[in-house]
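# Close look at the chain arrangement
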Amino acid sequence: VTVAVKPPEQARPGTTQDFVITLSDDKQRPVGGEVTFWLVDEAVLSLAPEGSLDPLTALIRTNARTTSIHDTRNLVVGRLSELEEEPGGDGSDEEQNGGKKIIRKNFQTVPYYQATLVVPASGTLKVPVKLSDDLTNFRVRAVAVSGPTRFGVKQSTLKVRLPVLVQPQLPRFVRVGDRFWPGALARLVEGSDGPGTVEVTLSGPVDAAPKTEGVALKANQASSVQTPALVKAIDGESALTVRGSMVRSADKASDAFEVKLPV
């Protein structure tokens, strides 16, 4: 079965995009079937070679008699505790300079996964996908089956971009009494060079004044804005909140983030 997936070439974070999945036979006639469909951040796939998506590799295997020896004595690492933390904050939309600034807080490496999507006999199915707030390339994957003898695979890429981008410039955690310089990196992704404004604010057990500074946005060049901060004694709060935002003066294109730093 021939699988086709028509996503947009580029999208904005947090938007809902329609993916049109079509199935056809070797004579280009539409057929029905079932599809496993998902999106995954390409950064995850860079950690190791991606396994084969072709179902035939699992259905047809070469018989072989093998023997292997594996020494596990050096693999004992003990019990590792994992810290579960939310990658974003509890930010909300806010109005600034006449434009709507959306704070990115929903970060997911797999924003969509569906094990079984039923494609009707018309061979076409529209799948709405709510994207996360990640600014990255998502690999689009579809594995289809139509009847007992037809299988197919389709792979593509979806780019999630913003005209301007602000990134956190922060440590992973802080301790009481630490002096540090939280900041934000402003980057130009699309459009012409020009001025912009970056703001960094902190709340929680910290002594820091908000910092607002003008920057010159240029292609392939990051502008850093930092402010000094002193972590105070914890008073019922185990995290401090850092929010960074930026606005391009020409068209009011904006971006913002909110991160909670463990104390």
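Every value quoted in this text rests on a predicted model; they were computed, and no experiment measured them. (Residues numbered from 1 in each chain as written. Predicted model: local features only at pLDDT ≥ 70, side-chain atom pairs only at ≥ 80, totals over all residues. Heavy atoms only, no water.)

## Here's the deal with the pattern of salt bridges
Spelled out, the test is: A carboxyl oxygen of Asp or Glu within 4 Å of a side-chain nitrogen of Lys or Arg is what we treat as a salt bridge. Numbering goes from the N terminus for both helices and strands, where a helix is a DSSP run of H or I of at least four residues and a strand is a run of E of at least two. Buried residues are those whose accessible area, probed at 1.4 Å on protein chains only, stays under 20% of the maximum for their type, while exposed residues exceed 50% and partly exposed ones sit between those limits.
Going through the model one piece at a time under the given rule, you end up with nine salt bridges. Taking the shortest distance from any N to any O, the salt bridge between aspartate 26 and arginine 150 comes out at 3.8 Å. You can see aspartate 26 sitting in the loop between strand 3 (16-24) and strand 4 (33-41) and its partner arginine 150 sitting in strand 11 (residues 150-160), a full 124 residues away along the chain. Note on aspartate 26: relative accessible area 61%, which makes it exposed. Under the relative-accessibility criterion, arginine 150 is labelled partly exposed at 29%. Put simply, glutamate 258 and arginine 243 hold a salt bridge, and the shortest N to O gap is 2.7 Å. Residue glutamate 258 is located in strand 21 (residues 254-262), and its partner arginine 243 is located in strand 20 (residues 239-248); the two are separated by 15 residues in the primary sequence. Given the relative accessible area of 6%, glutamate 258 is considered buried.

## Details of unusual backbone geometry
The phi torsion of most residues other than glycine is negative, and most of the peptide bonds are trans. Phi angles above zero are rare outside glycine, and glutamine 28 is one such case at about 65°. If you check the backbone angles, asparagine 220 has positive phi at about 60° while not being a glycine.

## Looking at the packing of aromatic side chains
What counts here: Here a pair means two rings of Phe, Tyr or Trp (six-membered ring of Trp) with centres within 6.5 Å. Their orientation is stacked below 30 degrees between planes, edge-to-face above 60, and tilted elsewhere.
Applying the stated criterion to the full structure yields three aromatic pairs. These aromatic residues form a ring-pair network of at least three members: Phe19, Phe37 and Tyr112.

## Re the sheet that holds strand 4
Stated formally: Two strands make a pair as long as DSSP finds a minimum of two bridges between them.
Sheet architecture is open: five strands sit in the order 2-11-10-4-8, paired in mixed fashion. Only two strands of the sheet have a single partner each, and these edge strands are strand 2 (10-11) and strand 8 (112-119).

## With respect to the confidence of the model for the chain
Filter applied, for reference: Within a predicted model, pLDDT stands for the predictor's per-residue confidence, ranging from 0 to 100. Contacts are assigned to residue pairs with any non-hydrogen atoms lying within 4.5 Å of each other.
Confidence along the chain averages 83 in pLDDT terms, with 89% of residues attaining 70 or more. This model gives residues 79-99 a pLDDT under 50, and the stretch forms 31 contacts once residues within four places in sequence are excluded.

## Details of the nonpolar core
Rules: We define the nonpolar core as a collection of buried residues of types Ala, Val, Leu, Ile, Met, Phe, Trp, Tyr and Cys that are connected through side-chain atoms lying within 4.5 Å of one another.
Counting residues in each nonpolar core, the largest one holds 24 residues, and the members touching the most others are Phe37 and Leu39. If we ignore the near neighbours within four places in the chain, the residues touching leucine 39 are Phe19, Thr109, Val110, Pro111, Tyr112, Val129, Leu131, Phe138, Arg139, Val140 and Leu158. Counting 23 residues, the second largest nonpolar core, distinct from the first, contains Leu188, Val231, Met246 and Val259.

## Notes on the sheet that holds strand 19 (residues 229-231)
Taken together, the three strands give an open sheet; going across it, the order is 13-19-16, and neighbouring strands pair in antiparallel fashion. What marks the edges here is a single partner per strand, and that holds for strand 13 (179-180) and strand 16 (206-207). Here two bridges tie strand 16 to strand 19, and the two strands are oriented antiparallel to one another. Residue pairing across strands places valine 206 opposite valine 231, the latter belonging to strand 19.

## Re the side chain of threonine 136
Looking at where threonine 136 falls in the secondary structure, it is placed in the loop between strand 9 (124-130) and strand 10 (137-146). Apart from residues lying up to four places away in sequence, threonine 136 is in contact with Asp41, Glu42, Leu158, Lys159, Val160 and Arg161.

## Looking at the environment of glutamate 213
Our working rule: Any N or O atom pair separated by 3.5 Å or less is treated as a polar contact, with the protein-specific requirement of one donor-capable and one acceptor-capable atom, and with residues adjacent in sequence counted only for side-chain atom pairs.
Tracing the sequence through the fold places glutamate 213 in strand 17 (residues 211-217). In this structure, the C-alpha to C-alpha distance between glutamate 213 and glycine 196, residues 17 residues apart in sequence, is 8.6 Å. Among the polar contacts listed, one links the side chain of glutamate 213 to the side chain of lysine 211, at a separation of 3.4 Å.

## A short note on the side chain of asparagine 137
Examined against the element boundaries, asparagine 137 turns out to sit in strand 10. For asparagine 137, the side chain forms a polar contact with the side chain of arginine 161, separated by 2.9 Å. Apart from the residues lying within four places of it in its own chain, the contact partners of asparagine 137 are Val40, Asp41, Glu42, Thr157, Leu158, Lys159 and Arg161.

## Topic: the pairing of strand 3
The pairing of strand 1 (residues 2-6) with strand 3 spans five bridges and is classified as antiparallel. Each bridged residue has a counterpart across the sheet, and for threonine 2 the counterpart in strand 3 is serine 24. Where strand 3 meets strand 9, seven bridges bridge the pair, whose relative direction is antiparallel. Across the sheet, residue valine 20 finds its bridge partner in strand 9, namely lysine 126.

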